Number of protein chains: 2
Amino acid sequence: MASKSKKTTTEAKIKRLRKRLKKARKKVTALKAEMTSSALGATVSPLAPEGGFPSLPEIGGVTFATAEAGVKYKGRRDVMMARVAAGATVAGVFTKSSTRSAPVRDCQAKIAAYGPDDMNAGYAILVNSGNSNAFTGSVGDQAVAVTVDAVAASLGIPSSHVLTASTGVIGEPLPAEKITAVVDQLRDTQSSDSAALAAQAIMTTDTFPKGASAEVSIDGNPVRIAGFAKGSGMIAPDMATMLVFIFTDAKIAQRDLQAALANRNSGTFNAITVDSDTSTSDSLILVATGASGVEIGGPRSASNAAFSEALGQVMLKLAHLVVKDGEGATKFVEVNISGAASDGDARKVAMAIANSPLVKTAIAGEDPNWGRVVMAVGKSGARAERDLLTIRFGDILVAEGGWVSPTYSEEAGAAYMRQQELAISVDLGLGSGKSRVWTCDFTKRYIEINADYRS
Amino acid sequence: MASKSKKTTTEAKIKRLRKRLKKARKKVTALKAEMTSSALGATVSPLAPEGGFPSLPEIGGVTFATAEAGVKYKGRRDVMMARVAAGATVAGVFTKSSTRSAPVRDCQAKIAAYGPDDMNAGYAILVNSGNSNAFTGSVGDQAVAVTVDAVAASLGIPSSHVLTASTGVIGEPLPAEKITAVVDQLRDTQSSDSAALAAQAIMTTDTFPKGASAEVSIDGNPVRIAGFAKGSGMIAPDMATMLVFIFTDAKIAQRDLQAALANRNSGTFNAITVDSDTSTSDSLILVATGASGVEIGGPRSASNAAFSEALGQVMLKLAHLVVKDGEGATKFVEVNISGAASDGDARKVAMAIANSPLVKTAIAGEDPNWGRVVMAVGKSGARAERDLLTIRFGDILVAEGGWVSPTYSEEAGAAYMRQQELAISVDLGLGSGKSRVWTCDFTKRYIEINADYRS
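Conventions adopted
- Residues numbered from 1 in each chain as written.
- Chains lettered and ligands numbered in written order.
- Predicted model: local features only at pLDDT ≥ 70, side-chain atom pairs only at ≥ 80, totals over all residues.
- Pairing = 2+ DSSP bridges.
- Helix = DSSP H or I, 4+ residues; strand = E, 2+ residues; numbered from the N terminus.
- Axes fitted to C-alpha atoms, helices over the stretch in contact; angles between N-to-C directions.
- Buried ≥ 20, exposed ≤ 12 C-beta atoms within 10 Å, placed from the backbone.
- Domains from an automatic or database assignment.
- Contact = placed C-beta atoms within 7 Å.
- Expected span 1.5 Å × (residues − 1).
- Parallel < 35°, antiparallel > 145°, perpendicular 65-115°, else oblique.
- Core = buried A, V, L, I, M, F, W, Y, C linked by C-beta atoms within 7 Å.

In this section: the sheet that holds strand E5 (residues 162-169) of chain B. Residue and element names in this part refer to chain B. Reading across the sheet, the four strands line up as E1-E2-E4-E5 and stay open at both edges, with mixed pairing between neighbours. At either margin of the open sheet sits one strand with a lone partner, and together these are strand E1 (62-67) and E5. Sheet twist, expressed as the average angle between the axes of neighbouring strands with direction ignored, equals 15°. In terms of strand pairing, strand E4 (residues 123-131) meets E5 through eight bridges, oriented parallel. Pairing of Asn-131 across the sheet is with Val-169, part of E5.

Take a look at the structure:
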């Protein structure tokens with residue numbers, strides 16, 4: 001019996017040792033992976049959606065083509081052109097940067113001048129990656145004019161109907177001739193099902209292409225909305241550093257389309273931040289082709305409400321994807337502020353938390369360091385009173401009444417922080433102001449990516 | 001025999017497993033060491049001044065002592081007490097955080113109430129590192145009261161004359177009893193020449209102690225100013241995350257001392273940023289002992305101007321040292337803005353550049369990425385016109401007239417960026433507003449330090 005008991009003990013010992021060995025070896029693998037992933041160039045973000053780029057519905061009245069123009073990148077498609085049939089309306093929102101790029105200035109002027117007559121001719125949207133054509137002086141403006149005119153001539157549409165967007169390095173002259181050289185090719189290879197390729201062509205430091213769609217029924221008739229986006233660094237309002245192109249087959253007046261877009265922007269693309277830096281090139285262009293024949297009414301109509309809601313969903317999905325591809329991101333973080341003296345104050349607190357390097361590095365380290373959340377509330381400039389604050393990580397009550405909650409355990413906090421998607425909620429206990437923004441963590445990869453972007 | 005052989009096999013198996021486990025664990029340790037090589041506090045900042053802590057002049061009327069209280073750190077001095085003789089005046093400026101710490105609230109209330117009668121009794125300043133006593137609710141206030149009363153009783157001075165400062169982790173209760181246990185020891189070991197030890201005792205993630213001094217002649221009589229500071233993360237106005245203690249033997253009214261301090265703060269401690277995060281504990285306390293017998297007049301007197309100038313020099317030196325010990329810093333960067341529509345606009349642009357993660361990572365990568373400077377100008381919210389901007393790296397003209405300068409070469413820019421101390425200058429070409437701030441680069445070390453600060 002003694003032998004049996006000894007055997008049992010020995011077996012248990014072996015079992016224990018094997019378990020420990022397995023654990024240690026797992027740790028070795030994990031650490032090695034961590035080290036190589038930071039040594040590697042481009043790994044796909046761990047926050048990328050499973051299943052890859054979604055299957056987007058085709059939108060009547062719009063087609064896409066892509067080409068390898070070699071603007072900066074070699075051996076990849078770096079230019080895309082969307083062609084929109086006559087009968088469409090176009091809206092846009094753009095960066096507020098005072099040093100915004102030549103294409104942004106050009107688009108802003110054109111869209112502001114669009115009226116009912118513009119429905120008589122089609123549109124084109126020409127986008128390149130690798131060069132942002134920002135801070136390139138009058139040469140930059142000329143590059144826009146040259147590419148715009150080439151597209152207009154090739155497609156037989158007015159130059160005022162050609163919109164352009166450029167993303168990439170700032171301050172280098174855009175080689176317009178490389179783009180104009182592929183315009184006819186872009187015209188001749190248009191297809192209605194190549195949004196996925198278009199989404200890839202506009203990528204820069206993005207690790208995956210981003211697409212989203214929605215369908216909404218207006219009086220029993222389906223309206224489709226589909227879009228794609230790029231952007232992974234220089235992401236902050238107003239707006240995030242992005243290019244976004246959304247297409248719908250709804251029939252809607254330009255004025256109402258612009259209003260719907262602007263209205264949904266504050267809670268979506270203007271509510272995300274990766275690094276607090278604002279691009280000179282942010283552009284969000286929304287095209288309504290009217291191909292469904294379904295008319296959307298004015299701002300107070302039921303059809304407008306339903307359309308706007310669906311549009312907002314597509315915008316929010318794309319905005320979240322941009323954060324999930326935040327440079328070096330390993331965590332997706334929702335910041336919820338309530339009980340502020342005003343919505344403006346809530347926004348200040350939300351952004352102070354979402355942009356705080358100390359909060360974001362703590363999240364990267366899976367450290368439930370709620371003291372840094374307190375710090376960020378304190379520095380935000382919003383009205384706040386220590387003893388009225390309530391802080392939650394997910395559903396876990398962390399702090400209230402000016403101090404850590406008696407029910408809070410560091411173990412529970414630490415376990416929560418190991419999740420990939422996190423929510424930090426702060427109630428200020430002062431009023432009814434609220435705000436919700438999204439951000440990611442701040443990792444060594446962000447530094448790696450940005451310390452040698454141009455080399 | 002079978003049994004024996006089995007036993008041997010089992011033992012051999014255990015031995016093998018143990019060996020493998022040991023090896024795997026060794027590997028974990030090695031990998032971890034590699035990943036955190038140059039681990040916390042182990043390496044001194046490459047920007048630390050040569051020659052180490054300066055030889056500070058003794059200031060008549062003030063002595064220091066330090067002790068190992070074990071507040072958080074073991075085996076190092078973590079508490080310091082400065083004792084100030086009767087006849088002194090005391091001024092202070094503090095963080096504007098709405099979640100500021102218990103000691104900060106206590107100091108602010110006390111200093112605001114100081115009047116001429118307060119010269120009749122001495123003062124004490126008690127400082128601990130390792131715990132900031134911030135967001136610790138009423139327990140935090142009690143901890144301040146307990147330590148203050150212990151010092152007052154030990155020294156025989158009013159409690160209102162005991163100022164405290166705490167730095168370290170937020171949200172953990174301050175073990176006041178560990179501090180009160182060493183108060184008598186601190187009283188009995190005071191000496192006039194231990195500012196260097198005091199400067200060390202208040203360090204947290206600092207990699208070197210920071211001291212500076214100046215001597216100024218007022219009507220032929222010397223006045224000495226000496227101070228020390230801590231702070232390397234959570235550094236941004238208002239103020240940088242710091243504790244600073246400056247002592248002078250000048251004889252100056254409390255009101256004039258406070259005015260001189262506040263006046264010099266905006267161009268020194270409020271003009272530095274490491275990570276845009278503002279501490280809940282920033283405290284700058286200035287003590288004038290009067291021991292020199294040299295009287296400093298009101299704000300418009302020549303003596304006040306000379307004294308303020310020297311005070312400003314000490315403050316600027318200390319502020320620069322704080323940036324040079326910025327967490328992970330490898331570059332010291334001066335940002336000069338001129339030609340802005342107003343000083344306020346210039347300040348906005350300066351801070352937008354100094355806090356931009358993209359600018360700071362480019363500097364870390366020695367990349368003369370002036371496009372990111374353009375981006376930061378654009379996002380600042382200040383009035384700016386692309387074609388009027390002039391950008392310089394040191395003396396190198398980089399961009400003007402809305403584009404890169406024809407005289408600029410990328411090689412010259414890259415060579416410049418390899419220097420340890422850099423200057424980025426932007427002239428907005430609009431008016432006479434100007435601002436100068438200091439920052440450091442943003443490196444992987446910052447992330448390392450802050451992703452596991454508490455562990």
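Further notes follow.
Time to look at the pairing of strand E3 (residues 89-94) of chain B. With respect to burial, E3 of chain B is a largely interior element, six of its six residues being buried. Here E3 of chain B shows two buried faces, one formed by Thr-89, Ala-91 and Val-93 of chain B and the other by Val-90, Gly-92 and Phe-94 of chain B.

Attention now moves to the domain arrangement of chain A. All names here are of chain A. Assigned domains of chain A: these are domain 1 (62-324) and domain 2 (332-451). In this structure, domain 1 and domain 2 have C-alpha centres spaced 33 Å apart. Each partner contributes residues to the interface: domain 1 has ten residues there, and domain 2 has eleven residues. Within the residue set of the side of domain 1 that touches domain 2, elements represented by two or more residues are strand E9 (272-273) and helix H8 (302-324). Take the side of domain 1 that touches domain 2: its biggest share by element is three residues, from H8.

Right, let's talk about unusual backbone geometry for a bit. Peptide bonds are, in most cases, trans, and in most cases residues other than glycine have a negative phi. Residues and elements named next belong to chain B. If you check the backbone angles, Asp-219 has positive phi at about 50° while not being a glycine. Despite not being glycine, Glu-366 has its phi angle at roughly 55°, a positive value. A residue is classified by how many C-beta atoms lie within 10 Å of it, and Glu-366, with 21 of them, is buried.

A few words on helix H2 (residues 102-113) of chain B. Residue and element names in this part refer to chain B. With twelve residues, H2 should reach 16 Å at 1.5 Å per residue; the first-to-last C-alpha distance of 17 Å fits that figure. Every buried residue of H2 is accounted for by Ala-102, Pro-103, Val-104, Asp-106, Cys-107, Lys-110 and Ile-111. Close packing links the buried residues of H2 with E3, helix H3 (137-155), E5 and strand E10 (283-288).

This paragraph deals with the sheet that holds strand E6 (residues 210-218) of chain A. All names here are of chain A. Ordered by their spatial adjacency, five strands build an open sheet running E3-E10-E8-E7-E6, and the pairing between neighbours is mixed. The sheet is open, and its two edges are formed by strand E3 (89-94) and E6, each paired on a single side. Neighbour-to-neighbour, the strand axes of the sheet open up by a mean angle of 15°, direction not taken into account. Relative to the sheet, helix H2 (residues 102-113) contacts E3 and strand E10 (283-288), its axis offset from that of E3 by approximately 135°.

Two numbers describe how helix H10 (residues 357-364) of chain A lies on helix H13 (residues 444-451) of chain B: the axes approach to 8 Å, and their chain directions differ by 70°. Relative to H13 of chain B, the element H10 of chain A is oriented roughly perpendicular. The residues of H13 of chain B that touch H10 of chain A, namely those facing Leu-358, Thr-361, Ala-362 and Ala-364 of chain A, are Ile-447, Asn-450 and Ala-451 of chain B.

Further remarks concern the nonpolar core. Within soluble globular proteins, side chains that are nonpolar generally end up buried alongside one another. Counting 282 residues, the largest nonpolar core has Val-349 of chain A together with Val-349 of chain B as the members making the most contacts within it. Other than its neighbours up to four places away in sequence, Val-349 of chain A contacts Ile-337, Ala-340, Val-377, Ser-380, Ala-382, Val-426 and Leu-428 of chain A.

Moving on: the environment of Phe-208 of chain B. All names here are of chain B. Mapped onto the fold, Phe-208 is located in the loop between helix H6 (195-201) and strand E6 (210-218). Judged by local crowding, Phe-208 falls into the partly exposed class, with 19 C-beta atoms found within 10 Å. Separated by 156 residues in the primary sequence, Phe-208 and Gly-52 have C-alpha atoms spaced 7.8 Å apart. With near-sequence residues (within four places) excluded, Phe-208 lies in contact with Val-44, Ser-45, Ala-48 and Asp-325.

Residue and element names in this part refer to chain A. As for its position among the elements, Tyr-73 is in the loop between strand E1 (62-67) and strand E2 (79-84). For the pair Tyr-73 and Leu-286, spaced 213 residues apart in the sequence, the C-alpha separation amounts to 27 Å. In contact with Tyr-73, not counting residues within four places along its chain, are Asp-78, Ser-129 and Gly-130.

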